[in-house]
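Each chain is listed here by its residues.
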Amino acid sequence: MYRFRKDLEERKPAIIDVPLKKHMMCLNESSLDPYQLIKATFLNKMENVHLNRYFQGITAELEQKLTDYIGFGLTSENFVYGNGADEMLYYLFTSLRGREGDYAYSLAPSYFDYKTYSTAIGMPVNFQHLNEDFDFDVDEYIAEINKPECRLAILCNPNNPTGNLLNTEKIIKIIESTDKPVLIDETYFEFSGVTFADKLDIYDNLILIRSFSKAFSSAGLRFGYMLSNKKYISEIGKVMTFFHMSNLTKTFVCSILEHKDEFLDHNKLVISERDKMYMELSSLESMKCHKTNTNFIPFTIGDKSAELHEFLSENEIAVRAIGAHSLLRNHLRVTIASPEQNKYFINTIKDFLSKE
């Protein structure tokens with residue numbers, strides 16, 4: 001007899017199939033190794049962090065440093081943190097699911113793991129598809145999220161994998177037109193400069209999710225946080241395990257925040273390289289690419305994109321195929337890396353096109 005949840009029996013395990021190449025330009029990771037930058041600070045802090053104990057002063061230090069970084073008069077009662085933005089999504093979905101038939105609502109294409117983590121707790125995600133300009137009908141969106149079964153509205157801003165910012169007036173209209181929680185995923189906000197954190201004291205149904213994986217070069221660290229009003233944060237915290245983050249990770253995050261200006265300066269380089277790569281890709285014959293507000297660029301050469309993907313792989317460059325949605329058919333996505341890697345990437349594409 002099958003002993004697990006009925007909807008799990010037919011589901012396949014989530015698998016990310018990513019080839020390991022010399023130039024990993026596929027997962028929107030940073031080319032900067034954070035450990036080399038903060039090593040001395042981290043090791044010094046660890047002298048006073050005792051891993052044989054649950055409770056440590058590093059927790060209060062982290063919460064104060066994160067409060068200072070977030071700003072806008074918010075306090076530690078306005079956020080929870082965990083193992084990446086993904087875990088924050090999982091806890092949020094867990095706290096909101098009420099009964100069978102409930103669902104979350106998102107635009108598409110957008111971050112694929114909204115579906116992964118929402119369905120993992122038994123609450124599917126329904127979608128409204130973006131148009132060819134990566135825009136959407138706001139009235140249709142509002143009508144859908146106000147249906148009784150909808151538990152959460154999701155907006156990724158800037159959006160992944162399209163890379164564009166959503167219209168601010170439309171976002172505000174959505175927030176003001178519903179009493180449902182509205183989640184804005186700000187994973188890439190350090191690259192766009194656009195945040196709704198200053199609106200948290202205005203709208204009591206607003207939730208933000210952020211990550212250290214991109215702007216703070218720490219994809220492998222797994223640290224993310226969620227911002228909202230005190231009541232929402234308190235309720236979400238009720239489904240979280242108590243010791244959900246190691247003191248080792250907290251110490252590393254504190255060390256990063258003591259060096260935050262150096263990481264943010266690196267982001268300026270990434271933005272400069274992104275804009276440069278966009279111009280170079282746009283100048284290539286048969287190439288179509290999209291200007292973004294993130295640390296990646298979606299691009300396509302049409303029906304030859306699969307061959308290009310393979311050619312890049314053969315030359316030790318891993319990029320991401322993002323063509324599952326019809327709007328991005330034959331599209332690939334490249335992460336902005338170091339200037340040297342970016343140059344190699346462009347030259348490799350030129351080599352491919354020259355053989356056509």
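The model shown is predicted, which means the values in this text are computed figures rather than measured ones.

(A) Structural context of the side chain of Thr-67. Mapped onto the elements of the fold, Thr-67 is located in helix H2 (residues 58–70). Setting aside residues no more than four positions away along its own chain, Thr-67 makes contact with Leu-74, Thr-75, Ser-76 and Phe-79.

(B) Representation of the packing of aromatic side chains in the model. All told, the structure shown has 24 aromatic pairs when counted by the stated rule. With a centroid separation of 4.9 Å and an interplanar angle of 75°, the aromatic rings of Phe-212 and Phe-223 are classed as edge-to-face. Note that Phe-212 is positioned in the loop between strand E7 (206–211) and strand E8 (224–227) and Phe-223 in the loop between E7 and E8, a separation of eleven residues in sequence. Residue Phe-223 is classed as buried on the basis of its relative accessible area of 0%. With a centroid separation of 6.2 Å and an interplanar angle of 75°, the aromatic rings of Phe-212 and Tyr-225 are classed as edge-to-face. A residue pair is termed long-range when its members are at least 10 positions apart, and Phe-212 in the loop between E7 and E8 and Tyr-225 in strand E8 qualify at 13 residues. This pair shows no difference in class: Phe-212 is buried, exactly as Tyr-225 is. By way of ring pairs, the aromatic residues Tyr-69, Phe-79, Tyr-81, Phe-212, Phe-216, Phe-223, Tyr-225 and Phe-263 are connected into one cluster. The cationic tip of Arg-210 hangs over the ring face of Phe-189; the distance from NZ or CZ to the ring centre is 3.8 Å.

(C) Molecular detail of the sheet that holds strand E5 (residues 150–156). On the basis of which strands lie adjacent, the open sheet formed by seven strands has the order E2-E8-E7-E6-E5-E3-E4 and mixed pairing. Each edge of the open sheet is held by one strand with a lone partner, namely strand E2 (79–82) and strand E4 (125–129). Across this sheet, the average inter-strand angle for adjacent strands is 20°, counted without regard to direction. For strand E3 (residues 103–108) and E5, the ladder comprises four bridges, and the chain directions are parallel. Opposite Tyr-103, over in E5, you have Cys-150 as the bridge partner. Contacts between helix H8 (residues 230–237) and the sheet are confined to E2, E7 and E8, with E8 contributing the most and set at about 130° to the helix.

Cut-offs used in this document
- Residues numbered from 1 in each chain as written.
- Predicted model: local features only at pLDDT ≥ 70, side-chain atom pairs only at ≥ 80, totals over all residues.
- Heavy atoms only, no water.
- Helix = DSSP H or I, 4+ residues; strand = E, 2+ residues; numbered from the N terminus.
- Contact = heavy atoms within 4.5 Å.
- Phe/Tyr/Trp six-rings, centres within 6.5 Å; stacked < 30°, edge-to-face > 60°.
- Buried < 20%, exposed > 50% of the residue type's maximum accessible area, 1.4 Å probe, protein only.
- Lys NZ or Arg CZ within 6 Å of the ring centre and 35° of its normal.
- Pairing = 2+ DSSP bridges.
- Axes fitted to C-alpha atoms, helices over the stretch in contact; angles between N-to-C directions.

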